[in-house]
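Okay, here's what each chain looks like letter by letter:
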Amino acid sequence: MDASSTSTASRSDWRRTHHCGALRKSDVGARVTLNGWVDARRDHGGIYFVDLRDRYGITQVVLGPEQAEAAKLGAEFTVSVTGKVVARDAQNVNPERPTGEIDVQVERLEILSRSEQPPFTIADENVALETRFTYRYLDLRRPQMQRNLMHRSRFINAMRRAFERQDFVEVETPILTRATPEGARDYLVPSRVHPGKFYALPQSPQLFKQILMVAGMDRYFQVARCFRDEDLRADRQPEFTQLDMEMSFVEEEDVFATWERVLQETFREAMQLEVAIPFPRLTWKQSMERFGNDKPDMRFGMELVDLAAWASSSEFAVFKGAIDAGGRVMGIAVPAAHALSRKDIEALETLAKGSGAKGLAYWKAGAAGGSGPLARFCVGERATLLMQALGAAEGDTCLFMAGKQSLVWRVLGELRNHLGKRFGLAQGAWRFTWVTSFPMFEFDEGEGRWFSAHHPFTAPADWEMGGANPDLASLVSRAYDLVLNGWELGSGSVRIHRSDVQQKVFTILGIGPEEQQKKFGFLLEALSYGAPPHAGLAVGLDRLTALSLGLDNIRDMLAFPKTTSATDLMCAAPSEVAPEQLFEVHIRSAVPPPAPGA
RNA sequence: GGGGACGUAGCUCAAUCGGUUAGAGUACCGGCCUGUCACGCCGGUGGUUGCGGGUUCGAGUCCCGUCGUCCUCGCCA
């Protein structure tokens, strides 16, 4: 009879004395008990080697012919073993493992829990996401995934301590809150008590944290779960976590300094990495001009250069025409060291066309006129002038884009990022950057109205907002982004603490006085009772922790992520609910019931 | 909502131009093996080719639809 499969002997004698990553040569001779999962079993006919795995590591345990149960052990069985720690002979040491100098010679084996044949081998790195998500509890047994979750825990806790050292108070804000008219689509929760009314899950704790400032909390932070019902991406989940913070009686630089300290201390504590501070500051305009986008990858050069002067005196009709039409002509010089093949340039052209460009002009720089399609417009001093304007050296490959400013920025920005990856320049460093002074409003052609570039609570650079008849497109806000290596990590702003300015912004956004009172009355009223000037920032922790491990997908930093269609394959959410449940919350489904027999 | 890639054994993949009984590795089962370390050797089981329809003498392969996963555009104040 298999007595070992039942735990009747004693309630406590199976419990571990060490975990599976603990034992070393210095423990030889000790009698120990280990608990863990069977990672692999090697049956040599009379002697069995079992790799026992837990969160801490793998220890090889050795069983002899007297342990008949050893032959019955399968992958992922949960077992308890008791035995003596023995040294391995020199030729049997496994240098790949910290525990590789010892074995545990098993005297007692107990199966705590059996396992069906697992759908995949835990050690197998190459398993379809669908399978991994369905059996996430097995997927999470992998050392890699456990490393990710442990790293995230260490990282976030280090951040918490860093904020507390700077006198920040962690305050929790509601998950059940009210829907907001602006921004992302809300997740709604029907109210049982109030028929026909709904809570919304917060897209961010924005208004609560501002109200905490009005309340005099002075410095607030929170590890906050946020919800947005929008389509997913590799770096976007419908629920995500932010390190959200807000502080009173401050301006931009105070927020920047706070975060620089927090990030420096966090990287030091959690990763033993030194992050250089202060981070460079760029205005939005500077970022667009130099890098073509508002989240610049600062790890390499090849910056955009304005060529208006050269282009307007050029005989090249495309360039001259672009300038005359009020557009831009810009270029980037790719150093000769990064030789671009004909094929490379074709790939770049395809990329440019994919982004809306009509074509891609290029020129191999040379004082004698160079070569490439643009060479015939680089006769005589025109060549040297162009090289000077571009900061290009002999032999550099120069790429040009002419047209509408937004197009020129976007295309050259994408080409630059592509080249950075192509030449392996976009790696290996932590280049944080502040991007400031974003536009206040953006006009949506489709809806025919103005939207906040950041959010409606962002302060304008000028409290008077250009007077009675402002040019909305040129108004600058006090919004800022934290950027790391080409990723937008977080964004924030100095907030509006004046009720009159807040009302004016709402009005510009097309929210009339009545709607303002109905939806934001509590905010406007709060601002009327002595609101301190305040500012804050929220950083996406899924992205930051993923980036800090070099992962390009945030799912590997989440214990239970959702698929691209926002489902949880493990627990099969979302799901239908019983009709009674709907009735209770006063909901009737508009979706027809499945056809009979379907 | 649009575009693209993929879907074949428990897992990872193969299968020529539409043509024999859909194969391999691994896992699993059985046998052998006392120093392996994702042990090795021998043998075996395992398939509604996601699902539904169509074209064809014949469909894993072609067509239509549908479901699912991933990437991406829109979207994400």
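Residues numbered from 1 in each chain as written. Chains lettered and ligands numbered in written order. Predicted model: local features only at pLDDT ≥ 70, side-chain atom pairs only at ≥ 80, totals over all residues. Heavy atoms only, no water.

Colleague: Hey, could you run me through the protein's contact with RNA strand B in this one?
Modeller: Neighbouring RNA strand B are 47 residues, the closest being Arg42, Gly45, Asn92, His454 and Thr564. In the interface set of RNA strand B, defined as its atoms within 4 Å of the protein, sugar plus phosphate atoms amount to 53%. Within the contact set of RNA strand B, a base nitrogen lies 2.7 Å away from a side-chain nitrogen or oxygen of arginine 88. Breaking the surface near RNA strand B down by element, the ones donating at least two residues are β1 (31–43), β2 (48–54) and α1 (129–134). (Near = heavy atom within 4 Å. Polar contact = N/O pair within 3.5 Å; in protein donor to acceptor, adjacent residues only side chain to side chain. Helix = DSSP H or I, 4+ residues; strand = E, 2+ residues; numbered from the N terminus.)

Colleague: I tried to follow the pairing of strand β15 (residues 397–403) on my own but got confused; where do I start?
Modeller: Regular strands have side chains that alternate between both faces of the sheet. Within β15, six of the seven residues are buried, which leaves it mostly tucked inside the rest of the structure. With four bridges connecting them, strand β14 (residues 361–364) and β15 associate as antiparallel partners. When the bridges of β15 are listed, tyrosine 362 appears paired with leucine 399. (Buried < 20%, exposed > 50% of the residue type's maximum accessible area, 1.4 Å probe, protein only. Pairing = 2+ DSSP bridges.)

Colleague: Sorry, what's going on with the environment of valine 86 here?
Modeller: Along the chain, the position of valine 86 falls in strand β4 (residues 78–87). Here valine 86 falls in the partly exposed class, since its relative accessible area comes to 27%. Apart from residues lying up to four places away in sequence, valine 86 is in contact with Val28, Glu101, Ile102, Asp103 and Gln105. (Contact = heavy atoms within 4.5 Å.)

Colleague: What should I look at first to understand helix α6 (residues 284–291) in this one?
Modeller: The α-helix advances 3.6 residues per turn, and as a result positions three or four apart in sequence lie on the same side. Of all the residues in α6, the buried ones are Ser287, Met288 and Phe291. The buried residues of α6 occupy an angular sector of 105° when the element is viewed end-on, so they sit on one face. (Arc of directions from axis to C-beta.)

Colleague: For this particular structure, what's the right way to read the packing of aromatic side chains?
Modeller: For any pair of aromatic rings, the description consists of the separation of the ring centres together with the inter-plane angle of the planes. Counted according to the given criterion, the structure contains 20 aromatic pairs. Their ring planes at 90° and their centres at 5.9 Å tell us that tryptophan 284 and tryptophan 409 sit as a pair that is edge-to-face. Of the two residues, tryptophan 284 is situated in helix α6 and tryptophan 409 in helix α11 (residues 405–422); the sequence distance between them amounts to 125 residues. An aromatic cluster of at least three residues, connected via ring pairs, comprises Phe155, Phe256, Phe267, Phe279, Trp430, Phe432, Trp434 and Tyr480. Over the aromatic face of phenylalanine 300 sits the side chain of arginine 416, whose NZ or CZ is 4.1 Å from the ring centroid. (Phe/Tyr/Trp six-rings, centres within 6.5 Å; stacked < 30°, edge-to-face > 60°. Lys NZ or Arg CZ within 6 Å of the ring centre and 35° of its normal.)

Colleague: Would you explain the environment of leucine 407 in this entry?
Modeller: Inspection of the secondary structure assignment puts leucine 407 in helix α11. What makes leucine 407 buried here is its relative accessible area of 17%. For the pair formed by leucine 407 and glycine 356, sequence separation is 51 residues and the distance between their alpha carbons is 7.3 Å. Apart from the residues within four sequence positions on either side, leucine 407 is in contact with Ser355, Gly356 and Ala357.

Colleague: Can you walk me through the pattern of salt bridges in this structure?
Modeller: Should the charged atoms of two oppositely charged side chains come close, the side chains can pair. Inspection of every chain in the model, using the stated rule, returns 42 salt bridges. A salt bridge links aspartate 54 to arginine 16, with the nearest nitrogen and oxygen atoms 3.9 Å apart. You can see aspartate 54 sitting in strand β2 and its partner arginine 16 sitting in the segment before β1, a full 38 residues away along the chain. A salt bridge links glutamate 246 to lysine 209; the nearest nitrogen and oxygen atoms lie 3.3 Å apart. One end of the pair, glutamate 246, is in strand β10 (residues 239–248); the other, lysine 209, is in helix α4 (residues 206–214), and 37 residues separate them in sequence. (Salt bridge = Lys/Arg side-chain N within 4 Å of Asp/Glu carboxyl O.)

Colleague: Help me out: how do you make sense of the nonpolar core in this one?
Modeller: Side chains that are nonpolar tend, in soluble globular proteins, to be buried together. Counting 54 residues, the largest nonpolar core has Met159, Met245, Val255, Trp259, Leu263, Phe432 and Leu544 as the members making the most contacts within it. The biggest single contributor to this core is helix α5 (residues 252–271), with eight residues. Those residues in contact with methionine 159 that sit more than four places away from it in its chain are Leu243, Trp259, Val262, Leu263, Thr266, Leu541 and Leu544. (Core = buried A, V, L, I, M, F, W, Y, C linked by side-chain atoms within 4.5 Å.)

Colleague: How should I be thinking about the sheet that holds β1 in this particular structure?
Modeller: If you trace the five strands once around the closed barrel, you get β1-β2-β3-β5-β4, paired in mixed fashion. Here the strands of the sheet are splayed against their neighbours by 55° on average, with no regard to which way each runs. Pairing of β1 with β2, which is carried by six bridges, proceeds in the antiparallel orientation. Across the sheet, the residue bridging to alanine 40 is aspartate 51, located in β2. (Axes fitted to C-alpha atoms, helices over the stretch in contact; angles between N-to-C directions.)

Colleague: How do you make sense of the environment of glutamine 60 when you look at a structure like this?
Modeller: In this fold, glutamine 60 is placed in strand β3 (residues 57–63). Note on glutamine 60: relative accessible area 9%, which makes it buried. Sequence spacing of glutamine 60 and leucine 582 is 522 residues, and the spatial spacing of their C-alpha atoms is 54 Å. Among the polar contacts made by the side chain of glutamine 60, one reaches the side chain of arginine 42 at a distance of 2.8 Å. There is a polar contact of 3.0 Å between the side chain of glutamine 60 and the side chain of aspartate 103.

Colleague: What am I meant to see in the sheet that holds strand β20 (residues 487–494) here?
Modeller: Either a parallel or an antiparallel arrangement is found when strands of a sheet pair, and the pairing is made through backbone hydrogen bonds. On the basis of which strands lie adjacent, the open sheet formed by eight strands has the order β6-β9-β10-β21-β20-β19-β16-β11 and mixed pairing. The sheet terminates laterally at β6 (169–170) and β11 (281–283), the two strands that pair on one side only. As paired elements, strand β19 (residues 479–484) and β20 share six bridges and run antiparallel to each other. Bridged to aspartate 481 within β20 is serine 491.

Colleague: Can you help me understand unusual backbone geometry in this one?
Modeller: The general pattern is negative phi for most residues beyond glycine and trans for most peptide bonds. The linkage connecting isoleucine 277 with the following residue, proline 278, adopts the cis geometry, with an omega of -5°. For proline 278, the location among the structural elements is in the loop between α5 and β11. Each neighbour pair has its own omega, and for alanine 573 with proline 574 the value is 0°, a cis peptide bond. Inspection of the secondary structure assignment puts proline 574 in the loop between α14 (541–548) and α15 (579–584). The phi dihedral of methionine 465 falls on the positive side, at around 50°, and the residue is not glycine. Position of methionine 465 among the secondary structure elements: in the loop between β18 (449–452) and β19. Owing to a relative accessible area of 1%, methionine 465 belongs among the buried residues under this scheme.

Colleague: Help me out: how do you make sense of the confidence of the model for chain A in this one?
Modeller: Interpretation of the predicted coordinates at a detailed level should be avoided for regions scoring low in pLDDT. Per-residue pLDDT for chain A averages 92, and the proportion of residues at 70 or more is 97%. This stretch, residues 1–7, has a pLDDT under 50; its non-local contacts, to residues over four places away or in other chains, come to eleven contacts. (pLDDT = per-residue confidence, 0-100.)

Colleague: Would you explain a nonpolar patch on the surface in this entry?
Modeller: Where nonpolar side chains cluster on the molecular surface, the patch consists of Tyr137, Phe560 and Met570 and spans about 310 Å² of accessible area. Residue classification places methionine 570 among the partly exposed residues on the basis of a relative accessible area of 31%. (Patch = residues over 30% accessible without salt bridge, like charges linked within 9 Å, V, L, I, M, F, W, Y side chains within 5 Å. Areas by Shrake-Rupley, 256 points an atom, 1.4 Å probe, with all protein chains shown as cover.)

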